[in-house]
Amino acid sequence: MNHSQSRKAHDLSAKPLSTWCRDRLDDLLGDVSMLVHQESPSSEKALLDKTADSITTWLRDRLGAPSQLTRHEHAEHGDLLEVTYAGSTEAPVLMIGHYDTVWPAGTVDGWPFAVREDGTATGPGIYDMKTGLVTGVWALLALRAFDLPCPTVRFMFNGDEELGSPMSRPHIERAAPDCLATLVLEPGVGWDVKAERKGVGIFTVTAHGVEAHSGNNATDGASAVHALAEIIHRLAGEADHERGTTVNVGTMSGGTARNVIAGKAGCLIDIRISDQAEADRIDAVFAGLRGSDPRVRLEVEGRWSRPPMRLTPESRRLFDLADEVAASVRAPLEPISVGGGSDANFVSALGLPVLDGLGASGDGAHALHEHVIVDDIPDRVALVAGLLRRIADDAS
C-alpha cells in the first residue's frame, strides 16, 4: 500500500483515539456487558435469534441507521447479520465477528459479567468474542468523533462460527472479493494479531466388525474395537509437527458388552494442517486406510472445515499497515501463527488480504478462566480505527 508520506507523523497517530475511548470506558464496558448477558450458545436457535435482534438494535443505537442491512436467516443455525455503513470509499472493508459461544444457556446466571480488581473483566464469551464485536463498532465511533476518514464498512456478524460457519461461509466468500480488505475481530495474542492459522479437518472413522461370543465363538468374530485401535495408532503416526500437522483422536466408542466381540466402533478425529499439501497427504491416508482383518469394514466421513490461513504478500501489506498504527498507539506488532481456525481462513484461501486477532486481549477461550484485559480495550479500538483510516487514505 502507498502510504501518504507527506502527512506528518503526529497526524497519523492513533493514540488520541485510544484516549477518547478510555474517557468513555464505562460506556464501552456497558456494551460488552450487554452482549455477555445476551446468551448465545451455538445450538440454541431461539437465544441466537434474540442475540441477533439485540445486536441489530445496538448497532442502530450506536451508529445510526445503516445504509444496508440484510439478515440471512437459517432454520437451525444463528442468522448472519450483514450491515453496511457508508464511508469515504466505494468498496467496503469487511469486518467479521461471531456472536455465538460455546457456553450453554444459564451459564451467565452463575458467572455474570464482572470487572475484577486485577484489571480484567470476565464472563462467558467475553474474550471469544463479544468484546471483539464491541471493538469493531467503537472503532467507527472513534473515527466519527474526530471527523477522520473512514472507509465504507460492512459488518458480518454470524451465529455459527463455533460450528465451523456452515451457513455463513458462502456469504463470507461471496462478499470478501469485492472488499478492500477483511478484518476479523477474533481475540488477539497479547498485543499482537493473528497472521496465520492452521486448517482444520473433522473426521470420523467407523469400524464395522462381526459380533460373536468372546468365549464360545472367538474365531467367528472380527472385533471392530481391535480394528479401530489399530487404525488410531496408524493415524496418530501421521502427525508431522515439523510440517505443522497434528492429529488428535478426541473421542471413541464401541462394543456392547465385555464378553461380546464388538460389531461396531468409532472415533472422532481433529486434524490441523499448515498447508494444502498436508491436507492432500492426509486425504490419501484416509483413502488407503485398511485394517489387518479384512472382515472389518472401515467407513471414513468428514471434511476440511477450514483451509489454512497463510501470510500471503497481500495480507503482509495489510499487516504492515496495522503494524504502523500499532506502533503509534503502543508498540509494533508480531505476526502470530496459531493452531485454531476462524472465518479468516476462508478469506485467505481466496488469496485476499485479511488480518485476524484484532479483537480483545486476554485469555481463556472456551474455558472457565475466560477474561479480557480492560486496560487494553481502548488501545485495541484505536488499532482497528487507525487501520480503517489508513485503508481509507490509501484508497483515496
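Residues numbered from 1 in each chain as written. Predicted model: local features only at pLDDT ≥ 70, side-chain atom pairs only at ≥ 80, totals over all residues. Heavy atoms only, no water.

In this structure the tally under the stated criterion is 27 salt bridges. In this structure, arginine 71 engages aspartate 53 in a salt bridge whose closest nitrogen and oxygen atoms are separated by 2.5 Å. Taken together, the residues arginine 71 in strand S1 (residues 68-72) and aspartate 53 in helix H4 (residues 45-63) connect sequence positions 18 residues apart. Between arginine 306 and aspartate 343 there is a salt bridge, with the nearest N and O atoms lying 3.2 Å from each other. (Salt bridge = Lys/Arg side-chain N within 4 Å of Asp/Glu carboxyl O. Helix = DSSP H or I, 4+ residues; strand = E, 2+ residues; numbered from the N terminus.)

This part takes up the nonpolar core. Counting residues in each nonpolar core, the largest one holds 68 residues, and the members touching the most others are Met95, Phe155 and Leu388. Here the element with the most residues in this core is helix H6 (residues 126-145); it accounts for 12 residues. Apart from the residues within four sequence positions on either side, leucine 388 is in contact with Val93, Met95, Ala139, Leu140, Leu143, Pro151, Val153 and Leu183. Residues Ile231, Ile232, Val247 and Ala262 belong to the second largest nonpolar core, which totals 23 residues. (Core = buried A, V, L, I, M, F, W, Y, C linked by side-chain atoms within 4.5 Å. Buried < 20%, exposed > 50% of the residue type's maximum accessible area, 1.4 Å probe, protein only. Contact = heavy atoms within 4.5 Å.)

Attention shifts here to the domain arrangement of the protein chain. Per the domain assignment, the segments of the protein chain are domain 1 (14-197 + 309-395) and domain 2 (199-306). Here the C-alpha centre of domain 2 lies 38 Å away from the C-alpha centre of domain 1. With 14 residues of domain 1 at the interface, the matching set in domain 2 holds 8 residues. On the surface where domain 1 and domain 2 come into contact, there are 2 salt bridges. Run the count over domain 1 and domain 2 and you get 5 residue pairs in polar contact (both at pLDDT 80 or more). Class assignment of the residues belonging to the side of domain 1 that touches domain 2 gives a composition of 2 nonpolar, 7 polar and 5 charged. (Domains from an automatic or database assignment. Polar contact = N/O pair within 3.5 Å; in protein donor to acceptor, adjacent residues only side chain to side chain. Nonpolar A, V, L, I, M, F, W, Y, C, P; charged D, E, K, R; others polar.)

Each pocket or cavity is described by its volume, and for the largest pocket that value is around 520 Å³. The wall of the largest pocket is formed by 24 residues, among which Glu162, Arg197, Gly340, Gly341 and His366 lie closest to the centre. For the lining of the largest pocket, the class distribution of residues is 7 nonpolar, 8 polar and 9 charged. (1 Å grid on protein atoms, 1.4 Å probe; cavity = no way out; pocket = protein on both sides within 12 Å on 5 of 7 lines; lining within 4 Å. Points joined across faces, edges and corners; volume = space filled by probe spheres on them.)

Another aspect to go through is the environment of glycine 164. Mapped onto the elements of the fold, glycine 164 is located in the loop between strand S6 (153-159) and helix H7 (169-175). Residue class for glycine 164 comes out buried when judged on its relative accessible area of 10%. Sequence separation between glycine 164 and proline 353 is 189 residues; the distance between their C-alpha atoms is 21 Å. Among all residues touching glycine 164, those that are not within four sequence positions of it are Ser305, Arg306 and Phe346.

With that out of the way, let us pick up unusual backbone geometry. Look at the link from aspartate 128 to methionine 129: it is a cis peptide, with omega at -5°. Assignment of secondary structure puts methionine 129 in helix H6. Located in the positive-phi region is histidine 366, a residue other than glycine, with phi close to 65°. Along the chain, histidine 366 turns up in the loop between strand S17 (362-363) and strand S18 (371-373). By relative accessible area, which is 43% here, histidine 366 ends up partly exposed.

Let's shift gears to the environment of serine 348. Tracing the backbone through its elements, the reader meets serine 348 in helix H11 (residues 344-349). C-alpha separation for the pair serine 348 and alanine 195, spaced 153 residues apart in sequence, amounts to 9.9 Å. Setting aside chain neighbours within four positions, we find serine 348 in contact with Pro308, Met309, Arg310 and Val354. Among the polar contacts listed, one links the side chain of serine 348 to the backbone nitrogen of arginine 310, at a separation of 3.2 Å.

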